[in-house]
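Tertiary structure, described
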Amino acid sequence: MPNPCINPRRHLRGTCILTRPAPAAAALSGNRLKMTVSKQSDKKSLRREKLLLRKSMAPDARYAADAAILKNLESLPEFAEASVIAAYASDGTEPDLMPLLRRAAGTGKTICLPRWLNDSNYEMAVLDGDFKTVSGKWNMPEPPPDAPPAETQLLERALWLVPGVAFDENCARLGRGKGIYDRLLAGTKGVSAGVFYDCQQTAGLPTEPHDRPLDIVVTESQVRRRKQ
């Protein structure tokens, strides 16, 4: 399928900052600070680029890409085996999972979506059989207040379908910078599958110790698995 995004081959690479010789402790501290600033700058620039590419997709191209992504997700053995799907509701520029989630619910799978708590903190809550959602933070669909929170034991066996801003060939993920999914996924043992458009791929992402890589990346043209 032709890539529907504008300028898909622009990639940002991390920068290396050289410093003058200094006492060992001071030099180590200074280098760490500079590398942190460099990573933050790279991530900020990459977010702007990839969010614009995703937003610029033509409606018909987005519709075709979404259909191909859902087909690839349904082909995953992990999807067939999962009794619980922990997913997301699209903001309008992310791949739309709702048709897939409704079909999955119809086969008896439990569907969980994020629900805003405060600041950048979310919890996963269980949708009912009617797939009832309300307009939550940022006007995003989310489970209503009376929907039960998803218990830890339930999420332990979930297949996580995770949105993102960018990904690389090693299944590293760049989010919006709020750490929402780093916190939601913390301590979980379920498989995490990132859901992206092809134009969100980049040559390499600057990562930090708290960044959790994805197990799988799914786009309209590929299913990529992280090398263990």
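Below, the structure is looked at part by part. (Residues numbered from 1 in each chain as written. Predicted model: local features only at pLDDT ≥ 70, side-chain atom pairs only at ≥ 80, totals over all residues. Heavy atoms only, no water.)

**With respect to the packing of aromatic side chains**
Put simply, the rule reads: Pairing of aromatic rings covers Phe, Tyr and Trp, the last through its six-membered ring, and needs centres within 6.5 Å; plane angles under 30 degrees mean stacked, over 60 mean edge-to-face, and all others mean tilted. Comment: elements are numbered from the N terminus, with helices defined as DSSP H or I runs of at least four residues and strands as E runs of at least two.
Under the counting rule described, the total for this entry stands at one aromatic pair. Summarising the aromatic geometry, the rings of Phe-167 and Phe-196 are spaced 4.8 Å apart at their centres and angled 40° between planes, so their arrangement reads as tilted. Within this pair, whereas Phe-167 is found in strand 7 (residues 166-167), its partner Phe-196 is found in the loop between strand 9 (192-195) and strand 10 (216-218), the two being separated by 29 residues in sequence.

**Thoughts on the sheet that holds strand 10**
Cut-off, in case you're wondering: Here a strand pair is declared whenever DSSP counts at least two bridges between the two strands. The axes used here are C-alpha line fits, helices contributing only the stretch in contact, and every angle between their N-to-C directions lies in the interval 0 to 180 degrees. Throughout, a residue-residue contact means that at least one pair of heavy atoms, one from each residue, lies within 4.5 Å.
Strand order in the open sheet formed by seven strands is 3-2-1-6-9-10-11, with mixed pairing between adjacent strands. If you trace the sheet from one side to the other, it starts and ends with strand 3 (121-126) and strand 11 (223-225), each paired once. In this sheet, adjacent strand axes meet at a mean angle of 25° when their direction is disregarded. Sheet contacts for helix 2 (residues 59-74): strand 6 (158-162), strand 9, strand 10 and strand 11; angle to strand 10, the most-contacted strand, approximately 145°. The strands touched by helix 4 (residues 98-106) are strand 1 (84-86), strand 2 (110-118) and strand 6; relative to strand 2, the strand with the most contacts, the crossing angle is about 125°.

**Overview of the nonpolar core**
This is how the line gets drawn: To define a nonpolar core, start from buried Ala, Val, Leu, Ile, Met, Phe, Trp, Tyr and Cys residues and group those joined through side-chain atoms within 4.5 Å. Burial here depends on accessible area, computed with a 1.4 Å probe over protein chains only, as a share of the maximum for the residue type. Under 20% is buried, over 50% is exposed, and the range in between is partly exposed.
Formed by 49 residues in total, the largest nonpolar core has its most connected members in Leu-73, Ile-85, Leu-97, Leu-101, Trp-160 and Leu-161. Looking at which element gives the most residues to this core, the answer is strand 6, with five residues. Once you skip the residues sitting within four places of it in the chain, Trp-160 turns out to touch Ala-86, Met-124, Leu-155, Leu-184, Leu-185, Thr-188, Gly-190, Val-191, Ser-192 and Ala-193.

**Thoughts on helix 2**
Quick reminder of the rule: In this scheme, a helix's expected span is set at 1.5 Å multiplied by one less than its residue total.
Taking 1.5 Å of rise per residue, 16 residues should cover 22 Å, and helix 2 covers 23 Å from first to last C-alpha, within 8% of that figure. Inspection of helix 2 places Ala-61, Arg-62, Ala-65, Asp-66, Ala-68, Ile-69, Leu-70, Asn-72 and Leu-73 among the buried residues, and these make up the whole buried set.

**Some thoughts on the pairing of strand 2**
On any regular strand, side chains alternate: one points to one face of the sheet, the next to the other face. Note the threshold: If you view a crossover with the strands going away from you and the path from the first strand over the helix to the second runs clockwise, you call it right-handed.
Across three bridges, strand 1 lies against strand 2 in parallel orientation. Bridge pairing links Ile-85 to Ile-111 in strand 2. Handedness of the strand 1-helix 4-strand 2 crossover: right-handed. Looking at chain direction, strand 2 and strand 3 are connected through six bridges and run antiparallel. Note that in strand 3 the partner of Cys-112 across the bridge is Val-126. Remark: two residues form the turn of the hairpin made by strand 2 and strand 3, two consecutive strands paired antiparallel; Asp-119 in that turn has positive phi of roughly 45°.

**A word on the pattern of salt bridges**
Going by this rule: One speaks of a salt bridge when a side-chain nitrogen belonging to Lys or Arg is within 4 Å of a carboxyl oxygen belonging to Asp or Glu.
Taken as a whole and assessed by the stated rule, the structure comprises six salt bridges. Asp-91 is paired through a salt bridge with Arg-176; the nearest N and O atoms lie 2.7 Å apart. Remark: Arg-176 occurs in the loop between strand 8 (173-174) and helix 6 (180-185) and Asp-91 occurs in the loop between strand 1 and helix 4; sequence separation between them is 85 residues. Ionic pairing is found between Asp-215 and Arg-226, a salt bridge with its closest N-O pair at 3.0 Å. Highlighted residues: Asp-215 in the loop between strand 9 and strand 10 and Arg-226 in the segment after strand 11, separated in sequence by eleven residues.

**Digging into helix 4**
Heads up, the rule is: Taking the helix axis as origin, the arc is that swept by the directions to the C-beta atoms.
Along helix 4, the residues classified as buried are Met-98, Leu-100, Leu-101 and Ala-104. End-on view of helix 4: buried residues confined to an arc of 155°, all on one side of the axis. Residues of helix 4 that are buried sit in contact with helix 2, helix 3 (77-81), strand 1, strand 2 and strand 6. Phi turns positive one or two residues past the end of helix 4, at Gly-108, with a value near 100°.

**What to know about the packing of helix 2 against helix 4**
Rule in force here: Three categories are distinguished: nonpolar for Ala, Val, Leu, Ile, Met, Phe, Trp, Tyr, Cys and Pro, charged for Asp, Glu, Lys and Arg, and polar for the others, with Gly belonging to the last.
It is at 9 Å that the axes of helix 2 and helix 4 come closest, and there the two elements cross at 35°. In contact with Leu-70, Leu-73 and Glu-74 of helix 2, helix 4 contributes Pro-99, Leu-100 and Arg-103. The residue inventory of the contact of helix 2 with helix 4, partitioned by class, reads four nonpolar, no polar and two charged.

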